[in-house]
Amino acid sequence: MNIYPFKFVIGSTVSVPIVPNELNFYSWLCSRVFGQELEKCRIKPGETKPITNDEVNVGGAAIKNTIRDTFSEYGKFPVGSALVVDIDLYSKATLRGKIHLIMLKELHDAVQNLSVKPSYIVILSEDSLPPGDLLLSAVNNIKKTGIKVVTVDENGFASGAEHVSEKEIREKRILSKEELANRIREKLIRQIGHFTKNDGSASVCLRHFYDGSRCIREIADYLWIKLHRIVGERSIVLCHSVRSPWLETAITSLWSKLSPCKVLMANEFVPVPDVDDIHIVVDFVDTGKTLLEYLIEKNIFPSSVIAILSTVNDDHETKESALGQEFTRVLKNADREVSIEYISTANYHRIGEMPCDLCKLPLAFESLPDVHPSTGIRSLDFWSMVLDSGVGIENDPPQYRVPENPIVNSVISANLIKGNGGFIAYKVDQLIHKLGLPPDLTIIYPEGNEGSGWYAYYLELILSLDSVPIPRSTINRFSHEKTGFTDSEKNQDWYRTLVKSPIRNCIVVDDLVFTGGSIRGMYKILSGLDKIAAAAVPFMYVNQHNNDIAIESFFPLYSLGVSKYVPELY
């Protein structure tokens, strides 16, 4: 069986190769739902096909063109071949129910016009396919062309296939995408501010707070992978989350997926007989005192305890699994010894009991999810990041300045952006909403610049935006000249990606701006491609005396003033 993968990513703006793990999953799935030997399933490589929110809002015409162009290179498929149509929706995708209906209708029209049709089609969705006569009719119309069709939803339910395990499909699909523990660690945002929490008998102030609101789906999938094989009808899963509403949301989404196991919030639990095992899920473990007190009060000896975050103790251990890197620690007291599995080590600064020094400034207490809604980074938080990340020589300065400059040494390094990428991306997201920019945006940044590379990576990760790196040589040339693109540049991936992308609005990012030459170069490049630079958002701008940067829509996250001319910068 020849298998042709077509992955349509709704809300994306650029095309990227489908990863090998997903291709392997597609092969396995076709072998199971169509009763084929896995060794005889030969899958072709493929790239994702982006469909923007604007195209969805326009309606079927734009999506029809994308699907038509996708199939145009084939014209016909070998007899006995299978198509895998994976409809992947970014978190910011809109009109989700409408998308499925449009995709199924246009898929029917595309295969109807093929001179030789495939024998099989698998349609996968990131969501449960919404029920309704229109969607059922759209699937049936594809079947009427003589093709065997199987639809697979987010729970692994394969409609049109018999004797296939939903849990097995769901598990393999989740594991094919990413190492979940590693992904969650990257998407947990360590917010920086002034927070207070009740710590036993006293209230203490903290400089950091962990926000998992951008990885709720990953957390839910992780917990399902950890629990679904070990819970049963006489099992109970308890969730304890004092300051993390995102964990409650993830747990709530598991109620039906772990059925008939009972899933409860910890404060709702009343000890009952006829329970085989109890599993605890918590957001954060520090000393473990609160958790142990709860277990003693309820007389619970849990079969497992899973935490999202934990501080490190002497019994800290690391292990590698199919989920990525995971950690364990042990809590002990007189009559309890509890082993805890957790995903990420918590790194936060405890200021002290309130009123702390920040209380006396005064710096108001803050709460999630609206962490200091200013769209820039405050000086207090900026210099805290500088001190935490360490001071070092910049690795890749432009030719017009030397890396020994004390300003550069003090405030910018890839370590700073990498270590605070989630927080920085969160601030950019606030700015995007304040400016009222459209949801379909492409990130543009200088290639080969480590700090800017990490900046763009976290914008992709946290905001579900695509990014395109521009070679430094091209940026430098456009910053000084008004020439067009060379033949060599037109053959490069970045150029072809931007030319093919239907998205016009872009955000230009860089780690550090002195003169603005790189930003102006990227603006000119976008203009030459008929793209719009909706905003330039460098991480930091060194605002020098008598220097007019002359860039429209320029919104640095932090600006540092320099009172006099510094010749070594040039």
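Data block above holds the structure.
Okay, so let's go over this structure. (Residues numbered from 1 in each chain as written. Predicted model: local features only at pLDDT ≥ 70, side-chain atom pairs only at ≥ 80, totals over all residues. Heavy atoms only, no water.)

Across its full length, the chain holds 20 helices and 24 strands. A total of 570 residues make up the chain; the buried ones form 54% of that total. Counted over contacts in the chain with a minimum sequence separation of 6, partners at least 24 positions apart contribute 76%. Carbon together with sulfur atoms contributes 51% to the accessible area of the chain, which is approximately 25,400 Å² in total. (Helix = DSSP H or I, 4+ residues; strand = E, 2+ residues; numbered from the N terminus. Buried < 20%, exposed > 50% of the residue type's maximum accessible area, 1.4 Å probe, protein only. Contact = heavy atoms within 4.5 Å. Areas by Shrake-Rupley, 256 points an atom, 1.4 Å probe, with all protein chains shown as cover.)

Below, the discussion takes up the sheet that holds strand β10 (residues 235-240). In spatial order, the strands read β11-β10-β12-β13-β16-β15-β14; together these seven strands make up an open sheet with mixed pairing. Here the strands that pair on one side only, and so sit at the sheet edges, are β11 (262-265) and β14 (317-321). Taking each pair of neighbouring strands and ignoring which way they run, the sheet shows an average axis angle of 25°. In this structure, β10 lies alongside β11, joined through four bridges in parallel fashion. Each residue of the ladder has a partner; that of C239, found in β11, is M265. The strands touched by helix α9 (residues 245-252) within the sheet are β10, β11, β12 (277-285) and β13 (304-310), with β12 carrying the most contacts at an inclination of about 150°. (Pairing = 2+ DSSP bridges. Axes fitted to C-alpha atoms, helices over the stretch in contact; angles between N-to-C directions.)

Following the criterion strictly, the structure yields 27 salt bridges and no others. Notably, a salt bridge pairs D86 with R173, separated by 3.3 Å at the nearest N-O pair. Highlighted residues: D86 in strand β4 (residues 82-89) and R173 in helix α6 (residues 166-177), separated in sequence by 87 residues. This pair shows no difference in class: D86 is buried, exactly as R173 is. With a closest N to O distance of 3.9 Å, D388 and R190 form a salt bridge. (Salt bridge = Lys/Arg side-chain N within 4 Å of Asp/Glu carboxyl O.)

The next subject is the packing of aromatic side chains. Applying the stated rule across the entire model yields 20 aromatic pairs. Between F34 and Y120, the ring centres sit 4.5 Å apart and the planes meet at 35°, which makes this aromatic pair tilted. Of this pair, F34 sits in the loop between α1 (20-33) and β2 (42-43) while Y120 sits in strand β5 (residues 120-125); the two residues are 86 residues apart in sequence, bridging distant segments of the chain. One aromatic cluster in this structure is built from F382, W383, F539 and Y558. Sitting above the plane of the W224 ring, R170 keeps its charged end 4.6 Å from the centroid. (Phe/Tyr/Trp six-rings, centres within 6.5 Å; stacked < 30°, edge-to-face > 60°. Lys NZ or Arg CZ within 6 Å of the ring centre and 35° of its normal.)

Right, let's get into the pairing of strand β6 (residues 148-152). Among the five residues that make up β6, four are buried, leaving the element largely enclosed by the rest of the structure. Sheet topology note: the β5/β6 ladder contains five bridges and is parallel. Among the inter-strand pairings, I123 is bridged to a residue of β6, identified as T151. Inspection of the sheet shows β6 paired to strand β7 (residues 158-159) by two bridges, in the antiparallel sense. Its bridge partner being in β7, T151 is matched across the sheet by S159.

The omega torsion of the bond from S259 to P260 falls at 10°, within 30 degrees of zero and hence cis. With a phi angle near 60°, H163 is a residue other than glycine that sits in the positive phi range. With respect to the helices, strands and loops of the structure, H163 is situated in the loop between β7 and α6. Positive phi, close to 60°, is recorded for D530, a residue that is not glycine. Along the polypeptide, D530 turns up in the loop between α20 (517-528) and β22 (532-536).

Take the sheet that holds strand β18 (residues 442-446) next. Taken in spatial order, the four strands make up an open sheet running β19-β18-β20-β22, and their pairing is parallel. At either margin of the open sheet sits one strand with a lone partner, and together these are β19 (466-470) and β22. For this sheet, the mean inter-axis angle between neighbouring strands, taken without regard to orientation, is 35°. Pairing geometry for β18 and β19, over five bridges, is parallel. The residue of β19 that forms the bridge with P446 is I470.

Right, let's talk about the nonpolar core for a bit. Residues Y455 and F539 are the most contacted members of the largest nonpolar core, which totals 43 residues. Not counting chain neighbours up to four residues away, the residues in contact with Y455 comprise I417, I424, V428, V509, D510, V537, P538, F539 and L557. The next biggest cluster of nonpolar side chains, apart from the first, holds 36 residues, and it includes I174, A181, A220 and L227. (Core = buried A, V, L, I, M, F, W, Y, C linked by side-chain atoms within 4.5 Å.)

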